[in-house]
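Observations on chain architecture
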Amino acid sequence: MSLRTSDAHCHANPIRGALGPRALARKFSRSGGWFLCLVNLLSWSYGLEISRPEDYAKMYELTIKAAREVEEEGVRAAAILGPHPAELAKLVQRGKKPGEAATFLARAYDIAAEYVRRGLAVGLGEVGRPHWDAPRSVVEACNGVLDYVLVLSRDLDCIVHLHLERRGLATLEDLERRVKKSGAKRVVLHHAEAELVAEARARGLYPSVPARLADLESALAQGPCFVVESDYLDDPRRPGAVVAPWSISRTARRLLGRGAREEDLRTVFVENIRELYRLHE
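Below is a short write-up of the structure. Everything numeric here is computed off the predicted structure, so don't read it as measured data.

**Here we look at the pattern of salt bridges**
Once the charged atoms of two side chains with opposite charge are near each other, the side chains can pair. What the rule picks out here adds up to 27 salt bridges. Ionic pairing is found between Arg 154 and Asp 155, a salt bridge with its closest N-O pair at 2.8 Å. It is possible to trace a salt-bridge network through shared partners that takes in Arg 129, Asp 147, Glu 165, Asp 174, Arg 177 and Arg 178.

Here it is in structure tokens:
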């Protein structure tokens, strides 16, 4: 199969990674991969200590450098910058009030937005809510940050990657309301539920589906209206936790063998990425 594959949400860790960005890019390229979207890991994944919002710039610089190294290996790359909702939860655990933690993260996203304005990154994220049990006060503080970043995304006309709980239509309905209120246009629903991709797209969202065979078959049955992600962690302590980016091409071949149309896969892996990330050859 000559079809090229892409990874719409991936992580590389140049400090503590199993591979790091260059080796990851080489393996992905050899498998037929042409595009990687690199999203920040958690600050502690890099061993960074965060005491003020400006400290997140260290994390952003690492992600931008990783994207540059991926491109030097011949793979198109994009950098997405911003603290994960787990960062807010940890700030609260360390003694900040939820509102104070939300203000802290909003300032961190203001700093990320400057990198987008300078053309060093293409978007913000991953922002959203815990997918684990968390106090209501923490969830509401996360919602405040989410709403703030959606407005930033509108003002910058940039992509935003969302991290949310998977609660079917309830999540989509809440998100649609927030997105419409903000005016954001390029909203990527990370770890989207495969059976709801057409519904998500109809509500103005870009679903990003985990690169597992069953999920992709379910999504394709609704049309090629999504992108595909590995959510690779580059963590030597969790080698089997998520899909490897270089395995996406093998899954694509299996999909073809099970009746998927090559033109649909090209739309998913190439055309949708070009449209979403505004890429040109």
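**Observations regarding the packing of aromatic side chains**
Counted under the stated rule, the structure contains 5 aromatic pairs. Summarising the aromatic geometry, the rings of Tyr 56 and Phe 104 are spaced 6.3 Å apart at their centres and angled 80° between planes, so their arrangement reads as edge-to-face. Separated by 48 residues along the polypeptide, Tyr 56 in helix H2 (residues 56-72) and Phe 104 in helix H4 (residues 98-117) bring together distant segments of the chain. The class for Tyr 56 is buried, based on a relative accessible area of 1%. Seen in terms of ring centroids, Tyr 232 and Trp 246 are 5.5 Å apart; in terms of plane orientation they differ by 70°. Their pairing is edge-to-face. One end of the pair, Tyr 232, is in the loop between strand S8 (227-229) and helix H9 (248-257); the other, Trp 246, is in the loop between S8 and H9, and 14 residues separate them in sequence. Site record: aromatic cluster; members linked through ring pairs are Trp 34, Phe 35 and Tyr 277.

**A closer look at the sheet that holds strand S4 (residues 123-128)**
Strand order in the open sheet formed by 8 strands is S1-S2-S3-S4-S5-S6-S7-S8, with parallel pairing between adjacent strands. Strand pairing shows two members of the sheet lacking a second neighbour, strand S1 (5-10) and S8, which therefore form its edges. When the angles between neighbouring strand axes are averaged without regard to direction, this sheet yields 25°. Summarising the sheet, strand S6 (residues 187-189) and strand S7 (residues 206-210) pair through 2 bridges and their orientation is parallel.

**Quick word on the packing of H2 against H4**
Running from N to C, H2 and H4 cross one another at 35°; their axes reach a closest spacing of 10 Å. Of the two possible hands of crossing, H2 and H4 adopt the one that is right-handed. Across from Tyr 56, Ala 57, Tyr 60, Glu 61 and Ile 64 in H2, the residues of H4 making contact are Phe 104, Leu 105, Ala 108, Tyr 109, Ile 111, Ala 112 and Tyr 115. In the contact of H2 with H4, the residues fall into 11 nonpolar, no polar and 1 charged.

**Details of the pairing of S7**
Across the 5 residues of S7, 5 count as buried, placing the element largely inside the fold. Of the pairings in the sheet, the one linking S7 to S8 comprises 3 bridges and is parallel in character. By the bridge assignment, Pro 210 is partnered in S8 with Glu 229. Remark: the S7/helix H8 (residues 213-220)/S8 crossover connection has right-handed handedness.

**Quick notes on the packing of H8 against H9**
When two helices pack together, their arrangement is given by the angle between the helix axes and the distance between those axes. In contact at an axis separation of 10 Å, H8 and H9 are set at 55° when each is read in the N-to-C sense. Between H8 and H9, the angle is such that the two are oblique. Crossing geometry of H8 relative to H9 is assigned as right-handed. From H8, Leu 213, Leu 216, Glu 217 and Leu 220 reach across to H9, where they touch Thr 251, Arg 254 and Leu 255.

Reading the values: rules and limits
- Residues numbered from 1 in each chain as written.
- Predicted model: local features only at pLDDT ≥ 70, side-chain atom pairs only at ≥ 80, totals over all residues.
- Heavy atoms only, no water.
- Salt bridge = Lys/Arg side-chain N within 4 Å of Asp/Glu carboxyl O.
- Phe/Tyr/Trp six-rings, centres within 6.5 Å; stacked < 30°, edge-to-face > 60°.
- Helix = DSSP H or I, 4+ residues; strand = E, 2+ residues; numbered from the N terminus.
- Buried < 20%, exposed > 50% of the residue type's maximum accessible area, 1.4 Å probe, protein only.
- Pairing = 2+ DSSP bridges.
- Axes fitted to C-alpha atoms, helices over the stretch in contact; angles between N-to-C directions.
- Left-handed = near helix turned anticlockwise from the far one by under 90°.
- Contact = heavy atoms within 4.5 Å.
- Nonpolar A, V, L, I, M, F, W, Y, C, P; charged D, E, K, R; others polar.
- Right-handed = clockwise from strand over helix to strand, strands pointing away.
- Parallel < 35°, antiparallel > 145°, perpendicular 65-115°, else oblique.

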